[in-house]
Amino acid sequence: MPSSDAPTVPSVHGRDVLRFRDFRLFLGARFATGLAMQVHDVGVGWYVYEITRSAWALGLVGLAVFLPNLVFALFGGEVADRFDRRIVVTLAFSTMALAALGLLVTVLTGATSPIPIYAFAALIGTARAFGMPASQALVPTLVPREVFPRAVALVSSVWQISTIAGPAVGGILYAFGATVVFASACAAFAAGAVAVFLTAPRPVAHDGSPPSLERLFAGIAFIRSKQAILGAISLDLFAVLLGGATALLPIYARDILMTGPWGLGLLRSAPAVGAAVVGLILARRPLERRAGPTMFASVAVFGLATIGFGLSTSIVLSLGCLLVLGASDMVSVVIRQTLVQQETPDAMRGRVSAVNSVFIGASNELGQFESGAVAALIGPVGSVVFGGIGTLVVAGLWIRLFPGLARRDRLIERPGEHG
């Protein structure tokens, strides 16, 4: 459903999506915080592996981010459906800035234990639990419904562009020391908070009902009632959960591909390059037909690219596999986000986005933990290849479990159509 607060203008074309000031501010915040997160992740990954030389320790970083997100996500969704989402996002980005500042202090004191790093990673996970649902629910109110798929693709592309720049910037900054990395991340998180705060207030379409367990779990109930949304979210969860090779990139950079922090930056940037290119294409030419088959094909390509990366010992081939991996993942992201936001009433977008954020967090952070844990048992190559094969198996199973999604044609259905 379209939001009552979304701008309405006659005959809006895709190229006009940047007409809206608040959408431009949101894009700026998306870029700044995406840059900050990637710089932060490069710094944390390299610093933790430098002081521990442990794949298990790298996996625990992802777990530290994921667990608070899991615990607080439903509460974050309820907050997003009750309060000004722009204020919620602003506070979340400000908290991330404080976490980066805490990491800066940790490095300055010469800490050699990863425990403080896990604590600040958990703080970022907590902030994301409240910020991500509010951020996702805010986007549909910034542009008219008819250009929303383009807006989703553009927001995702800007995030990916920051993801391209962030790891490379983080690798370069690390050459000047971990303190420079975390100071830069802190400043970028703060800039994102300011940009969101400058957008206009948008009252939430709250129904006035008091807090209750029924309201808290309403997002789960809604997703369960929508097979297309449930299938898309869960497919992405298990595909990325199993194919989470990025957690092991510090090991690949140092021990398999024999590069330094600059190589790690390139490896982390490569998926985002592929994703940004596809995202910009989808922003200009949005996917209109064969949405379901396209999504399943993209997940299969994601699995194959993961296997190729796992077996590669050449940095050129590895970068190519990661490019394909990111490109295929972007197709899935745009389809999933469009389905979730356009088929959810505005009054429930926060709670539904909260459930979606748990799935995203599980696929990313819990995927990092899974990759690190499996790598500790069978080695990094075995972990990545195992994950890629698992992704292919999941894609095949989901075609059987969600035949409606597999056959879905239009991404945004017309009245009378059902997915």
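One structure accompanies this document, and this report is about it. (Residues numbered from 1 in each chain as written. Predicted model: local features only at pLDDT ≥ 70, side-chain atom pairs only at ≥ 80, totals over all residues. Heavy atoms only, no water.)

## Things to note about the overall build of the chain
Part 1: A tally of helices and strands in the chain yields 16 helices and 0 strands.
Part 2: The buried share among the 419 residues of the chain stands at 60%.
Part 3: Put simply, of all contacts in the chain between residues at least 6 apart along the chain, 88% involve residues at least 24 apart.
Part 4: Surface accessibility of the chain: about 16,200 Å² in total, with carbon and sulfur atoms responsible for 70%. (Helix = DSSP H or I, 4+ residues; strand = E, 2+ residues; numbered from the N terminus. Buried < 20%, exposed > 50% of the residue type's maximum accessible area, 1.4 Å probe, protein only. Contact = heavy atoms within 4.5 Å. Areas by Shrake-Rupley, 256 points an atom, 1.4 Å probe, with all protein chains shown as cover.)

## What to know about the nonpolar core
Part 1: Grouped together as the largest cluster of nonpolar side chains are 65 residues, with contacts concentrated most on Phe182 and Phe309.
Part 2: Counting residues per element, this core draws most heavily on helix 3 (residues 85-108), at 11 residues.
Part 3: Aside from chain neighbours lying at most four places away, what touches Phe309 is Ala245, Leu249, Tyr252, Leu267, Ser318, Cys321, Leu322 and Val384. (Core = buried A, V, L, I, M, F, W, Y, C linked by side-chain atoms within 4.5 Å.)

## Quick look at the packing of aromatic side chains
Part 1: Per the stated rule, a full pass over the model turns up 3 aromatic pairs.
Part 2: Seen from their ring centres, Trp398 and Phe402 are 6.1 Å apart, and the 40 degrees between their planes marks the pair as tilted.
Part 3: The positively charged end of Arg86 is found above the aromatic ring belonging to Phe197, 5.0 Å away from the centroid. (Phe/Tyr/Trp six-rings, centres within 6.5 Å; stacked < 30°, edge-to-face > 60°. Lys NZ or Arg CZ within 6 Å of the ring centre and 35° of its normal.)

## Here's the deal with a nonpolar patch on the surface
Part 1: Nonpolar side chains collect at one region of the surface, where Leu67, Leu70, Val71, Phe72 and Phe75 lie side by side and expose about 430 Å² of accessible area between them.
Part 2: Of note, Leu70 is situated in helix 2 (residues 55-80).
Part 3: Since its relative accessible area comes to 42%, Leu70 is described here as partly exposed. (Patch = residues over 30% accessible without salt bridge, like charges linked within 9 Å, V, L, I, M, F, W, Y side chains within 5 Å. Salt bridge = Lys/Arg side-chain N within 4 Å of Asp/Glu carboxyl O.)

## Regarding the pattern of salt bridges
Part 1: In this structure the tally under the stated criterion is 4 salt bridges.
Part 2: Arg21 is paired through a salt bridge with Asp22; the nearest N and O atoms lie 2.7 Å apart.
Part 3: Overall, Arg21 belongs to the partly exposed group, its relative accessible area being 45%.
Part 4: With its nearest N and O atoms 2.4 Å apart, the salt bridge here joins Arg82 to Glu78.
Part 5: Arg82 gets classed as partly exposed once you look at its relative accessible area, which sits at 23%.
Part 6: Note on Glu78: relative accessible area 10%, which makes it buried.

## With respect to the packing of helix 8 (residues 218-225) against helix 9 (residues 227-242)
Part 1: In the contact formed by helix 8 and helix 9, the axes pass within 5 Å of each other and the chain directions differ by 105 degrees. When the axes of helix 8 and helix 9 are compared, the pair comes out roughly perpendicular. Across the interface between the two elements, Phe222, Ile223, Arg224 and Ser225 from helix 8 touch Gln227, Ile229, Leu230 and Ile233 from helix 9.
Part 2: Taken together, the residues of the contact of helix 8 with helix 9 break down into 5 nonpolar, 2 polar and 1 charged. (Axes fitted to C-alpha atoms, helices over the stretch in contact; angles between N-to-C directions. Parallel < 35°, antiparallel > 145°, perpendicular 65-115°, else oblique. Nonpolar A, V, L, I, M, F, W, Y, C, P; charged D, E, K, R; others polar.)

## Here we look at the environment of Ala57
Part 1: Its location among the elements puts Ala57 in helix 2.
Part 2: Assessed through its relative accessible area of 5%, Ala57 is described here as buried.
Part 3: Between the C-alpha atoms of Ala57 and Tyr118, which are 61 residues apart in sequence, the distance is 9.4 Å.

## Describing helix 9
Part 1: End to end, helix 9 covers 22 Å across 16 residues, agreeing with the expected 22 Å (1.5 Å per residue, within 8%).
Part 2: In terms of residue burial, helix 9 counts as a mostly covered element, since 13 of its 16 residues are buried. (Expected span 1.5 Å × (residues − 1).)

## Points about helix 2
Part 1: In this model, helix 2 (26 residues) spans 36 Å end to end at C-alpha, consistent with the 38 Å of a helix rising 1.5 Å per residue.
Part 2: The largest bend in helix 2 is about 50 degrees, located at Phe72. (Bend = angle between axes of the 7 residues up to and from the residue.)

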